[in-house]
Amino acid sequence: MESININNLAEECMKEIKNTMENLKKLNIVIIGKSGVGKSTLINAVFRENLATTGIGTPVTQRMQLYTKRNFPLAIYDTKGFELGKEAQEEVKNELIEQIKKGIRSGDINDTIHCMWYCINTQSNRFEPEEIQWIKDFRSQINSYKIPIIIVLTMSYSKSHASKMQKVIEKENLDVCKVLPVLALDYEVDENYTVPAYGLDKLIEIMEETLPDELADTLMSVQQANLELKRKKALSKVTAAAVAAAAAAASPIPFSDSAVLIPIEVTMIASITAIFGFEFNKSVLTALISSVFGVGSATIAGKTIVSGLLKMIPGVGTLAGAAISAGTASTLTTALGKAYIGIMTLMFNGELKEKDLETKAGRDKLGELFHDEMKKN
């Protein structure tokens, strides 16, 4: 069996991660609301790049600014002047509808508006008739485009108060996906009590359910509000890779396993990295990969050689070898993927830093996770 060149493998991972990130579709969100409703705070709490603090957005129309960041597949269309009365609100509506139609005409999902957040400050304690009519008029004019609208009740310090306001709005039977109370940041009432942030994970769940499938990976990559959904999406990549690895390893060609499995596992690692939104340098990836193969190399080599020898035996031996190899390939790929998700989770929670991965302790941690996952399978 050919030896694994860790350096080359790290380079392949780097290329695949870059390719995966560059091919994510761009998610376009419109956010509407009066000044002071907490739109910027909401945006920066939900997404892993502070788009709302990157300076002045690019003017799109008189009433809309576009906030983007290079190499980040998210665009926020922020409306202006919604608090200035009916005339300004009508301008917002007309400009937004034209922007939606423009995106549809382009035929490019990267230019299409995918979702709208209509933000209301819960502390204002009112949902004005003009706002109700605006949503109704807007929905009637864009109904054929099926763009999901989520009413976000911001600054919901009191859950009971927010719940009452939510019920009042829901009674209007507006054509929206959800009326959702959120508190974007922890709120300190006094030195003895802090209201913890909540609702952002639900917002991501609603978006996942309503956005096109082509944007599923993008949403997971750009959001930082729902770790469990990131893990769920990453596990789906592991499952797909394990199935592909089993199929590839079932080939009756002796010792073909490693040459076919490596690209599958590289793609899996790249997909998981993109979902968690991390950008690694080569030295970090080298440390990650070497720690896995350092722990698992004997097992990988032994099982692959045994199954390769069995494949060389005519008749039943070939079939037996293929079966063993398929099971082994699936097990190894699953263990690697789950261990890698474990590391990504630790990093997401701040329990492990990128620099830690280049240390012996960091490499040992991934090796330990890989070893534990191998025991489970």
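Residues numbered from 1 in each chain as written. Predicted model: local features only at pLDDT ≥ 70, side-chain atom pairs only at ≥ 80, totals over all residues. Heavy atoms only, no water.

Trainee: Quick rundown of the overall build of the protein chain? Include the residues and the values.
Mentor: From N to C terminus, the protein chain includes 12 helices and 9 strands. Evaluated residue by residue, the protein chain yields a buried proportion of 49% over its 377 residues. Nonlocal contacts in the protein chain, meaning residues at least 24 apart in sequence, comprise 71% of its contacts between residues at least 6 apart. Surface accessibility of the protein chain: about 17900 Å² in total, with carbon and sulfur atoms responsible for 52%. (Helix = DSSP H or I, 4+ residues; strand = E, 2+ residues; numbered from the N terminus. Buried < 20%, exposed > 50% of the residue type's maximum accessible area, 1.4 Å probe, protein only. Contact = heavy atoms within 4.5 Å. Areas by Shrake-Rupley, 256 points an atom, 1.4 Å probe, with all protein chains shown as cover.)

Trainee: Describe in detail the pattern of salt bridges, supporting the description with residues and values.
Mentor: Per the stated rule, a full pass over the model turns up 10 salt bridges. Residue Lys 39 pairs with Asp 78 through a salt bridge whose shortest N-O separation is 2.9 Å. With Lys 39 in helix α2 (residues 39-46) and Asp 78 in strand β4 (residues 72-79), this residue pair connects regions lying 39 residues apart in the sequence. Each member of the pair, Lys 39 as well as Asp 78, carries the same accessibility label: buried. (Salt bridge = Lys/Arg side-chain N within 4 Å of Asp/Glu carboxyl O.)

Trainee: Quick rundown of a nonpolar patch on the surface? Include the residues and the values.
Mentor: Taken together, Tyr 187, Val 189 and Tyr 193 make up a surface patch of nonpolar side chains, about 290 Å² in accessible area. Structurally, Tyr 187 is set in strand β8 (residues 187-190). With relative accessibility at 35%, the residue Tyr 187 sits in the partly exposed group. (Patch = residues over 30% accessible without salt bridge, like charges linked within 9 Å, V, L, I, M, F, W, Y side chains within 5 Å.)

Trainee: Outline the nonpolar core, supporting the account with residue identities and numerical values.
Mentor: As a rule of thumb, soluble globular proteins bury nonpolar side chains together. With 77 residues, the main nonpolar core has Leu 42 and Trp 117 as its most contacted residues. With 11 residues, the single largest contributor to this core is helix α11 (residues 316-348). With residues up to four places along the chain from it excluded, the contact list for Trp 117 reads Ile 29, Val 30, Ile 31, Ile 32, Leu 42, Val 46, Phe 47, Ile 150, Val 152, Leu 203 and Met 207. Ile 32, Phe 82, Ile 120 and Leu 174 belong to the second largest nonpolar core, which has 30 residues in total. (Core = buried A, V, L, I, M, F, W, Y, C linked by side-chain atoms within 4.5 Å.)

Trainee: Go over the side chain of Glu 265 with me, naming the residues and quoting the values.
Mentor: With respect to the element layout, Glu 265 can be found in helix α9 (residues 257-276). Relative accessible area serves as the criterion here: at 11%, Glu 265 is assigned to the buried category. Among residues more than four places away in sequence, those in contact with Glu 265 are Leu 332, Thr 333 and Leu 336.

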